[in-house]
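Secondary and tertiary structure notes
Listed below, chain by chain, are the residues.
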Amino acid sequence: GIDVPADASFDFAATDDFSIECWVRGPSTVPTGVRIFIGRNDPGNNLSWWVGYRPTSGTTAVASFLLQKDAISESVDGTTNLDSTQFYHIVAVHDAGDKELRLYVNTVLEGTQPADYTTTTGFASSVPVNIGYFPAVADRHFTGTLDEIALYDTALTQNEIDEHYQAGLDGE
């Protein structure tokens, strides 16, 4: 895995929108347990967020987005099986205005979850952002392929997600 040093640009307030985007190709075999594409875990600040790969059976797995702060923990799962035959465009959105988590796979909104974090202190932390693993749990390394990982300080719109997806297909 890779550690991205802590930076103020990753410190979202409870009322901030943000999005996490990446292209993913699953591993050749579905592992047991969640595998993390990108995440951040700060137990001292009672903060944890990640976008990853959640097995649904011994042969299938879906994208998943978890956001936990203080006593509030919400997650949303996709529905598309992320196999090793192709890349998938994954976008996780925290829309603070709508108080909702959203998860898109290949531009399709696959899941939503009500999520109101306005009573928390926000998502600031001094720990690094982790790519391809999650230090909180030893067996959360992702063994598939990740590409074009991005964090945005906005809730990406459907139109923006469509544009990013098409640009990725076009090799831009």
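Quick note: structure is the one above.
Now for a description of the structure that goes with this document. (Residues numbered from 1 in each chain as written. Predicted model: local features only at pLDDT ≥ 70, side-chain atom pairs only at ≥ 80, totals over all residues. Heavy atoms only, no water.)

1. Overview of the overall build of the protein chain
Selection criterion: Helical segments are the DSSP runs of H or I of at least four residues, strand segments are the runs of E of at least two, and each set is numbered from the N terminus. It is over C-alpha atoms that the radius of gyration is taken, and the globule rule equals 2.2 Å times the number of residues to the power 0.38. Any residue under 20% of the maximum accessible area for its type is buried, any over 50% is exposed, and the rest in between are partly exposed; the area is computed with a 1.4 Å probe on protein chains only. Contact between two residues is taken to exist if any of their heavy atoms lie within 4.5 Å; hydrogens are not considered. Reported accessibility uses the Shrake-Rupley method at a 1.4 Å probe radius. Residues are deemed covered only where the shown protein chains occlude them.
Within the protein chain one finds 1 helix and 11 strands. When the helices and strands of the protein chain are placed in sequence order, the string is β-β-β-β-β-β-β-β-β-β-β-α. Against the compact-globule benchmark of 16 Å for 172 residues, the protein chain has a radius of gyration of 15 Å, which places it among compact chains. Along the three orthogonal principal directions, the C-alpha set of the protein chain runs to about 40 × 35 × 30 Å. Taken over 172 residues, the protein chain has a buried fraction of 46%. Sequence-distant contacts in the protein chain: of pairs separated by 6 or more residues, those separated by 24 or more amount to 66%. Counting every atom, the protein chain has about 7600 Å² of accessible surface; 48% of that belongs to carbon and sulfur.

2. Describing the sheet that holds strand β7 (residues 88-95)
Selection rule: What makes two strands pair is DSSP finding at least two bridges between them. Axis lines are fitted to C-alpha atoms, over the contacting stretch for helices. Their N-to-C directions set the angle, which ranges from 0 to 180 degrees.
Read across the open sheet, the 5 strands follow the order β9-β8-β7-β2-β11; overall the sheet is antiparallel. In this open sheet, the two strands that pair with only one neighbour each are β9 (108-114) and β11 (145-152). Averaged over neighbouring strand pairs, the angle between their axes works out to 15 degrees when direction is ignored. Direction of pairing for strand β8 (residues 100-105) relative to β9: antiparallel, over a ladder of 6 bridges. Among the inter-strand pairings, Tyr104 is bridged to a residue of β9, identified as Leu109.

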